[in-house]
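# Summary of structural features
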Amino acid sequence: MNKLTKRLIACFDIIGGRVTKAVNFQDNIDVDSAETLAEKLYEAQIDELIFYDITASNEKRKIDIEMVKKVANRVFIPFTVGGGIKNLDDMYETLKAGAEKISVDSMAVRNPQIIREGAREFGSQCIVLSTQVKRESKMPSGYEVYIDGARLATGLDALDWLKQVEELGAGEICLNSIDNDGTLNGYDLRLMKMAEEAVNVPLIASGGAGEPEHLRVLFTETGSQAAIISSMLYSPRMSRNYSVRALKDELQSAGINVRPFFNFFEKNFEFF
């Protein structure tokens, strides 16, 4: 088993500075302001945060820099920001606002060289490729890449795309299953195993986590280095939400190496 420390990541889909939750990228429910929820999860000792300004690309506007600055003033853990990133200037502005990494998705498909340019300018460790994929039997791998908030099929085979972005210099890949997204039925393990065999960069699994067992299975059966666990933490659709501590305790009990929980920083949070 891979003994590298596994990371638990909360991913925020942002609309107008507010965190929302959806199922299969539809029917978004408002949760909280981005900076408020980020601070709660920081104090609950989440390992990392990812923010997607999910309407920026579709609205053809820049990412909400003021939102990035507000979050950076409240949290002191790594956070990645994506949505509306079109060029190096946008990347620079977002990093200057306090983000540690830049996520590219739709723009990377339209202009793959943005990955190479970003990696050369800021280092591969700053460039995260986020991609949304859906099961499609006509594709060689069985998965097709979608963009624009999972609304537009690209005709790209998922594994071919992952190999290409690794060659271009992406330092990490966040791989989201559209089919599993928000369902709480577990990650697409087949997808993650195939991705692990195709590329050598760290992989973040996204889409489907609903209970601690899903994390245990992901980390024991695949080489994924991190997992998105947003629904488990704060989704209003969950019958119960889990604390970061409870999740880490269960993973440690299963022999999975996660970052330790520090009692002196513990707080009890009620998200709903």
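The structure we're discussing is the one just above.
Keep in mind the model is a prediction, meaning the values are calculated, not measured. (Residues numbered from 1 in each chain as written. Predicted model: local features only at pLDDT ≥ 70, side-chain atom pairs only at ≥ 80, totals over all residues. Heavy atoms only, no water.)

### Some thoughts on the environment of Met91
The condition is simple: For the purposes of this entry, the term helix denotes a DSSP run of H or I that reaches at least four residues, the term strand denotes a run of E that reaches at least two, and both are numbered from the N terminus. Each residue is placed in one exposure class: buried if its accessible area under a 1.4 Å probe, protein chains only, is under 20% of its type's maximum, exposed if it is over 50%, and partly exposed if it falls in between. Here, residues are in contact when the closest pair of their heavy atoms is within 4.5 Å.
Here Met91 is to be found in helix 3 (residues 88-96). Given a relative accessible area of 0%, Met91 falls into the buried group. For the pair formed by Met91 and Val104, sequence separation is 13 residues and the distance between their alpha carbons is 9.7 Å. Residues in contact with Met91, not counting those within four places in the same chain, are Ile85, Ile102, Val104, Ile114, Gly118, Phe122 and Ile127.

### A few points about the nonpolar core
Our working rule: In this text, buried Ala, Val, Leu, Ile, Met, Phe, Trp, Tyr and Cys residues form a nonpolar core when linked through side-chain atoms within 4.5 Å.
If you look at the biggest cluster of nonpolar residues, it comprises 79 residues, and the most contacted ones within it are Phe12, Leu49 and Phe51. The element best represented in this core is helix 6 (residues 158-168), accounting for six residues. Once you skip the residues sitting within four places of it in the chain, Phe51 turns out to touch Phe12, Ile14, Ala34, Ala38, Met67, Val71, Phe79, Thr80, Val81 and Gly82. In this structure, Ile9, Cys11, Cys174 and Ile204 belong to the second largest nonpolar core, which totals nine residues.

### A few points about the side chain of Glu172
Rules: Here a polar contact is recorded for every N or O atom pair within 3.5 Å, except that within protein the pair must consist of a potential hydrogen donor and a potential acceptor, and residues adjacent in sequence are included only if both atoms are side-chain atoms.
Mapped onto the fold, Glu172 is located in strand 10 (residues 172-177). The class of Glu172 is buried, set by a relative accessible area of 6%. A polar atom in the side chain of Glu172 sits 3.0 Å from the side chain of Lys101. Excluding anything up to four places from it in sequence, Glu172 contacts Arg7, Lys101, Ile127, Val128, Leu129, Val201, Pro202 and Ile204.

### Some thoughts on the packing of aromatic side chains
What counts is decided by this rule: A pair of Phe, Tyr and Trp rings is counted when the ring centres sit within 6.5 Å of each other, with Trp represented by its six-membered ring. The angle between the planes then sorts it: under 30 degrees is stacked, over 60 is edge-to-face, the rest tilted.
Counted by the stated rule, this structure contains three aromatic pairs. Each ring, one from Phe12 and one from Phe51, has its centre 4.9 Å from the other, and the planes form 85°; the classification is edge-to-face. With a gap of 39 residues between them, Phe12 in strand 1 (residues 7-15) and Phe51 in strand 4 (residues 48-53) connect regions that are remote in the sequence. For the pair shown, Phe12 and Phe51 are each scored as buried. Seen from their ring centres, Tyr42 and Phe76 are 5.9 Å apart, and the 65° between their planes marks the pair as edge-to-face. Here Phe76 lies in the loop between helix 2 (65-72) and strand 5 (79-82) and Tyr42 lies in helix 1 (residues 34-43), a separation of 34 residues in the sequence. An aromatic cluster is present here, built from Phe12, Phe51 and Phe79 joined pairwise through their rings.

### Points about the pattern of salt bridges
This is how it is decided: One side-chain nitrogen of Lys or Arg within 4 Å of one carboxyl oxygen of Asp or Glu is enough to make a salt bridge.
Counted under the stated rule, the structure contains 15 salt bridges. In this structure, Lys101 and Glu172 form a salt bridge, with 3.0 Å as the shortest nitrogen-oxygen distance. Separated by 71 residues along the polypeptide, Lys101 in strand 6 (residues 101-104) and Glu172 in strand 10 bring together distant segments of the chain. With a closest N to O distance of 3.7 Å, Asp249 and Arg245 form a salt bridge. Here Asp249 and its partner Arg245 are both found in helix 10 (residues 244-253), four residues apart, which amounts to about one turn of the helix. Using a relative accessible area of 33% as the deciding quantity, one classes Asp249 as partly exposed.

### Describing the packing of helix 7 (residues 189-198) against helix 8 (residues 212-221)
To keep it simple, the criterion reads: Only the stretch in contact is used when a helix axis is fitted, and all axes are lines through C-alpha atoms; the angle between N-to-C directions ranges over 0 to 180 degrees. Angle categories: roughly parallel below 35 degrees, roughly antiparallel above 145, roughly perpendicular from 65 to 115, and oblique for all the rest. Crossing handedness is read from the near helix: turned anticlockwise from the far helix by less than a right angle, it gives a left-handed crossing, and turned clockwise, a right-handed one. Think of it as three bins: nonpolar holds Ala, Val, Leu, Ile, Met, Phe, Trp, Tyr, Cys and Pro, charged holds Asp, Glu, Lys and Arg, and polar takes everything else, Gly as well.
For the pair helix 7 and helix 8, the least separation of the axes is 10 Å and the interaxial angle reads 25°. Judged by the angle between their axes, helix 7 and helix 8 are roughly parallel. In the crossing of helix 7 with helix 8, the sense of the turn from one axis to the other is right-handed. Here Leu189, Met192 and Lys193 of helix 7 come into contact with helix 8, specifically with Val217, Leu218 and Glu221. Each residue belonging to the contact of helix 7 with helix 8 can be placed in one class, and the counts come to four nonpolar, no polar and two charged.

### Quick notes on helix 6
Taken as a whole, helix 6 has its buried residues at Ala158, Leu159, Trp161, Leu162, Val165 and Leu168. Its side-chain oxygen placed 3.2 Å from the backbone nitrogen of Leu159, Asp157 serves as the N-cap of helix 6. Gly169 occupies a position one or two residues after helix 6 and carries a positive phi of about 120°.

Taken by themselves, the reported measurements are silent on function.
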